[in-house]
Structure formats: structure tokens, C-alpha cells
Amino acid sequence: MARKGEKRGRACVVVLGDIGRSPRMQYHALSLARQASLEVDIVAYGGSEPHSAVLEHQSIHIHKMPQWPAFSHGVPKILKPFVLLLKPVVQFIVLLWFLCIRISAPDVFLVQNPPSVPTLVAVKWASWLRKSAFIVDWHNFGYTLLALSLGRSSRFVTIYRWVERHFGRMADGSLCVTRAMQHELAQNWGIKATILYDQPPEFFRPASLEEQHKLFCRLDKNLRQPLGVEDCTSTGTGEVVDKDINETLFTTVVGAEITSKPNRPALIVSSTSWTPDEDFGILLEAAVMYDRRVAAILNEDDSNKEEILWKEMQSGKQYLYPRLLFVITGKGPEKEKYEEKIRRLKLKRVAFRTAWLSAEDYPLLLGSADLGVCLHTSSSGLDLPMKVVDMFGCGLPVCAVSYSCIKELVQVEKNGLLFSSSSELADELLMLFKGFPDDCESLRVLRNGALDMSSSVRWATEWEENAKGLILKASYLWKLRLISGPRQHCSVNDGTH
């Protein structure tokens, strides 16, 4: 912390991606400004709006780089290898320009990995030129993401892995997101990293009934608008109509009192990047299975017309199993493909909506939902989905795809459940929502476990204990090195962390 009259220290947070879709790096920036009392420059791409806490902080300055133009799909096949090589070269030049010319010299660079190429190379060069410390925050391994599209045997993947490992080892300090990743970095990469678990910041919390009602009022038209022609939560006309502001799909106002509707749909939220490492098809298949199994349990046959069933539901009739409304948030390349699949589904008790919410409304949606679903499988098997951390911060129980290290986060039958197939997920939906909303004990147990997590460790505490000392120490050691002359490189992780 700077004394009165002293020049404040400075940090630069680097993201070769949309800063609005990089919550962990936004939280780093807030902690560097609030807890370490540093001036913070964020160098990243624009696109989505960051959280208002980042935008409004006087010590945080966002510098948006121009993005690589999206003309790759129209490039002739013979030129594609040239474009693949040209893109990182241009990105490297732009990054160096921003890191070395556009911003003031920082005491420390903190860079998100992946992407690794050309990010780690550019930030390392910038740290040399500006005489700054260089810290990598390992979210995943970049070469494993590239391997999803090119295959593990690709020569590009081999080169990418070498660059990622070589420049990663040159960092003055390293953070990572799981114990499994820490072990992999130490054993096979020669990198000692400090675990900084993702934890929710203070604005991820359970929403009050009043906050829920206000949110549902804002979203009401979108939630009633089907992706197809009509479904179990649409208005029944195929069109959006203006509704009384006192009534939403989930809440109603009687006099001065807000209440939850007893026949409301169960609200299930899933956040996805619509990429190949999240198989959204599992969720669609599970929804179809839930729909068919409920119909079988209730002895309904195909002659039961959906329109009659929906009118009964909208008039207040309750069933042993509720309607399910899945709200899928996020942006990504496969979104349109799956929206088209959803339009072709003919389901009696399940509806889907896709949405992109503001950074302020997303926590409120999680805090108002009944269940979260996570389809993240991890290209490396060593990272954890931050979306689940956010859900737990809002007291929201989670059903997540099972993979190697997910149990570092999801405690089975305490705050969530795991599944490996669409059939398992369908079974879990049936178990959790039987008797919804008042008579579903299994869901209540998981919610209580998630609420316990929401009231425990928060990001600020985790960052104070595991990141602050490492970052400030790396900066201090660099200053000592400048005073005493060059010495053998030594990572700050070699010390007490």
C-alpha cells in the first residue's frame, strides 16, 4: 500500500479475449485495486460489458484492443494455413503495442492462460522491456483446447504445447485453479503454482423474493416467448402479450405481498459457451426423457393434446411433476445449431429459452433459480467450471457432468449431483422435482448444502490468502533485482507459497 505522497503501484491484467466474459480476471482487477491498493490497467478485447463494479472503480482502466477480423470462413482452403500463422503474429504485435506503448509501465503483469499463443510470449517480452514481474494465472492448458479441433497428434498442437510450457516456466509466479492442475504443473511442466480456487464475489448471493419478482418482471416477455411455435410456458397464443406487471410466470402480487406461485415451473439455469467441450445434446436428450417418463408415470398417452394440458397448467392445476423451464445463458459458435434442434422438439412439460444477461442480472437469475446444470467436461480434465462456483455462491444446487477433478468442487448429495449420461440426468431431474415446489426433500437437502457454501469463503478472502502475497512479492523481488543487478531467475512460488 502506498504511503501518503508516494506514487501508487501499478498492475496490468492481460486477457486475449472478451473481458466481459472473463469473470475471474475481472475479480483479479477488483482485488488488485481494492485489496492491494494498486492502479490497474486491463488490456483485453471488448464485446460484452464487464460488471459495473469494474467499470465504476476509479483505479481500474480498461484498454480495448482491436480484434482479429472474422473473415476466416470465407478464406480459400489453400490460404487457411497462412491465415492461421498470420493471426498470432498480428495479435503479438498488437499486444506488444498496448503493453509497451499504450499503458504506463506496471510493476507486475498478470496474464490469463489460455490462450497461450501469442499471449505468454508477448507478455514475457513486455515484462523484459518494461522491467516488470510476470505472473501466469493457469485456468486450463491451451494446447488441450487446440487439440479439440486439430487432434492431439497435430504438429500445431505439439508446437503450441512447447511454447506454452517454455514461456510458462519463465513466469515469476504462477496461480492455478485446482489441486489436480497444481500437481500436473509441478510433475510434468516443472512449474510450482499456488492454488487460487474460484470463489464467488459478494454480488453472487441468494435473491430475495422482491428481487426475484423485479427480475421476472424485466424478463417476462422473453421467458414467455417460445423458441418454437408454442410450449408449456408460453402465452398460449404463439405471440408475446403484455401481462399485468403484478404477475409473472413464477410470482404474483396480492395486495402488498409478493408470493411464489404454487404451480410455477421449476426454473433450471445452465450457462454455456456453446463449444465442443460442452455437449449440450446431453441436456436436450435428458429433457426428452423427463417429458416421456412423466407422461408414462401419470398414465398419459399421445392422444392427450398439449393445448388442453397447457391450459390446465396455466389455470393453476398442479401435477406430481412440474413443468421445467431451462434458461440457457451464454454466447458461442454452436448456439444456432442447438436452437434449431430445440425448435424441432415437441415436449409437453419442458421449455427452453436462450438468453444473454447483463453482469448484474446474471447473479440475480442464479439466485432465483431452483437448480443449475453444468455440462462442462474440461479439455484437460484439470480445471473446474467457474459457473458452478457462481451457482453455489447464490445457494443454487447443481447437477454437473462427472470428470476427473469435479469432486474438488461438487460434493455429491451435499450440494449437488453428478451424471455421466442423459439418462442419469433425467433420473436426477425426476428425483429432485417430484412434489415440487413444497414436497421435494432431496432438492431441499442439496439447496441447504449449497447455501452453506454460499455463506463460507468468498473471492476476496481467497485472494487475500493465496494471491495477494504472491503478486506483491513477485513485484518486490523484481525491484530488488533491478537494484542489485541480474541474478538467476527464481519463481516467487519457490518461497513460502
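Structural data are supplied above this passage.
Parameters at a glance
- Residues numbered from 1 in each chain as written.
- Predicted model: local features only at pLDDT ≥ 70, side-chain atom pairs only at ≥ 80, totals over all residues.
- Heavy atoms only, no water.
- Helix = DSSP H or I, 4+ residues; strand = E, 2+ residues; numbered from the N terminus.
- Rg over C-alpha atoms; globule rule 2.2 N^0.38 Å.
- Buried < 20%, exposed > 50% of the residue type's maximum accessible area, 1.4 Å probe, protein only.
- Contact = heavy atoms within 4.5 Å.
- Areas by Shrake-Rupley, 256 points an atom, 1.4 Å probe, with all protein chains shown as cover.
- Arc of directions from axis to C-beta.
- Lys, Arg positive; Asp, Glu negative; His and termini not counted.
- Salt bridge = Lys/Arg side-chain N within 4 Å of Asp/Glu carboxyl O.
- Polar contact = N/O pair within 3.5 Å; in protein donor to acceptor, adjacent residues only side chain to side chain.
- Pairing = 2+ DSSP bridges.
- 1 Å grid on protein atoms, 1.4 Å probe; cavity = no way out; pocket = protein on both sides within 12 Å on 5 of 7 lines; lining within 4 Å.
- Points joined across faces, edges and corners; volume = space filled by probe spheres on them.
- Nonpolar A, V, L, I, M, F, W, Y, C, P; charged D, E, K, R; others polar.
- Axes fitted to C-alpha atoms, helices over the stretch in contact; angles between N-to-C directions.
- Parallel < 35°, antiparallel > 145°, perpendicular 65-115°, else oblique.
- Left-handed = near helix turned anticlockwise from the far one by under 90°.
- Disulfide = S-S within 2.5 Å.

Re the overall build of the protein
On a plain count of helices and strands, the protein comes out with 17 helices and 15 strands. Relative to the globule expectation of 23 Å for 497 residues, the C-alpha radius of gyration of the protein, 25 Å, shows essentially globular dimensions. Across the 497 residues of the protein, 55% fall into the buried class. Partitioning the intrachain contacts of the protein with sequence separation of at least 6 by distance along the chain shows that 74% fall at a separation of at least 24. Taken as a whole, the protein presents about 22,800 Å² of accessible surface, with 53% of it coming from carbon and sulfur.

What about helix H11 (residues 335-344)?
When H11 is considered as a whole, its buried residues turn out to be Tyr338, Glu339 and Ile342. Looking straight down H11, one finds that the buried residues subtend no more than 105° of arc, so they occupy a single side. What points out from H11, more than 90 degrees from its buried face, is the exposed set Glu336 and Arg344. Of the surrounding elements, those touching the buried residues of H11 are helix H9 (280-297) and strand S12 (350-355).

Describing the environment of Leu451
Within the fold, Leu451 resides in helix H15 (residues 441-454). You can call Leu451 partly exposed: its relative accessible area is 30%. Sequence separation between Leu451 and Val350 is 101 residues, and the spatial gap between their C-alpha atoms is 27 Å. If near-sequence neighbours (up to four positions away) are discounted, Leu451 is found in contact with Pro206 and Gly395.

What to know about the side chain of Asp383
Considering the arrangement of structural elements, one finds Asp383 in the loop between strand S13 (371-374) and helix H13 (386-393). One buried charge, Asp383, has no salt-bridge partner; the nearest side chain with opposite charge is Lys387, at 9.0 Å. Polar contacts involving the side chain of Asp383 include one to the side chain of His376, which spans 3.2 Å. One polar contact links Asp383 to Ser378, side chain to side chain, over a distance of 2.3 Å. In this view, Asp383 contacts His139, Asn140, Val177, Thr178, Met181, His376, Ser378, Tyr403 and Cys405; residues no more than four positions away in its chain are not counted.

A closer look at the pairing of strand S2 (residues 39-45)
Burial analysis of S2 places 7 of its 7 residues in the buried class, which makes it a mostly covered element. Bridge count for strand S1 (residues 10-18) against S2 is 6 bridges, and the pairing is parallel. Considered in S2, the bridge of Val13 is made with Ile42.

Points about empty space enclosed by the protein
Regions of empty space are outlined by a rolling probe, equal in size to a water molecule, passed over the atoms. Scanning the model with the defined rule gives 1 cavity of 30 Å³ or more in all. If you trace the largest cavity, you find it lined by Pro262, Asn263, Arg264, Met313, Lys317, Gln318, Tyr319, Tyr321, Pro322, Arg323, Arg349 and Phe436. Class assignment for the residues of the lining of the largest cavity results in 6 nonpolar, 2 polar and 4 charged.

Some words on the pattern of salt bridges
If you walk through the whole model with that rule in mind, you get 18 salt bridges. Residues Arg353 and Asp231 are paired through a salt bridge, measuring 2.8 Å at the closest nitrogen-oxygen approach. A residue pair is termed long-range when its members are at least 10 positions apart, and Arg353 in strand S12 and Asp231 in the loop between helix H8 (209-224) and strand S8 (251-254) qualify at 122 residues. Each member of the pair, Arg353 together with Asp231, is buried. Between Glu278 and Lys387 there is a salt bridge, with the nearest N and O atoms lying 2.4 Å from each other. Of this pair, Glu278 sits in the loop between strand S10 (266-271) and H9 while Lys387 sits in helix H13, and the two are 109 residues apart along the sequence.

A few points about the sheet that holds strand S15 (residues 416-419)
Strand pairing in a sheet takes place through backbone hydrogen bonds and is either antiparallel or parallel in direction. Spatially, 6 strands are ordered S12-S11-S10-S13-S14-S15 in an open sheet, and the strand pairing comes out parallel. At either end of the open sheet lies a strand with only one pairing partner, and these are S12 and S15. Looking at each pair of strands side by side, their axes are set apart by 20° on average, direction ignored. Against the sheet, H8 touches S10, strand S11 (324-329) and S12, its axis set at about 115° to S12. Strand contacts of H9: S10, S11, S12, S13 and S15, with the helix running at about 155° to S12, the strand carrying the most contacts.

Notes on the packing of helix H3 (residues 80-102) against helix H4 (residues 119-130)
Across the interface, H3 lies against H4 with an axial gap of 9 Å and an inter-helix angle of 30°. The orientation of H3 with respect to H4, classified from their angle, is roughly parallel. The two elements H3 and H4 meet at a crossing, and its hand is right-handed. Seen from H3, the contacting residues are Phe92, Leu95, Leu96, Leu99, Cys100 and Ile101; seen from H4, they are Thr119, Val121, Ala122, Val123, Trp125, Ala126, Leu129 and Arg130.

Brief notes about the state of the cysteines
Evaluation of the coordinates by the stated rule reveals 0 disulfides. Sulfur of Cys12: no disulfide; nearest cysteine sulfur belongs to Cys100 and is 9.9 Å away. Classification of Cys12 as buried rests on a relative accessible area of 1%.

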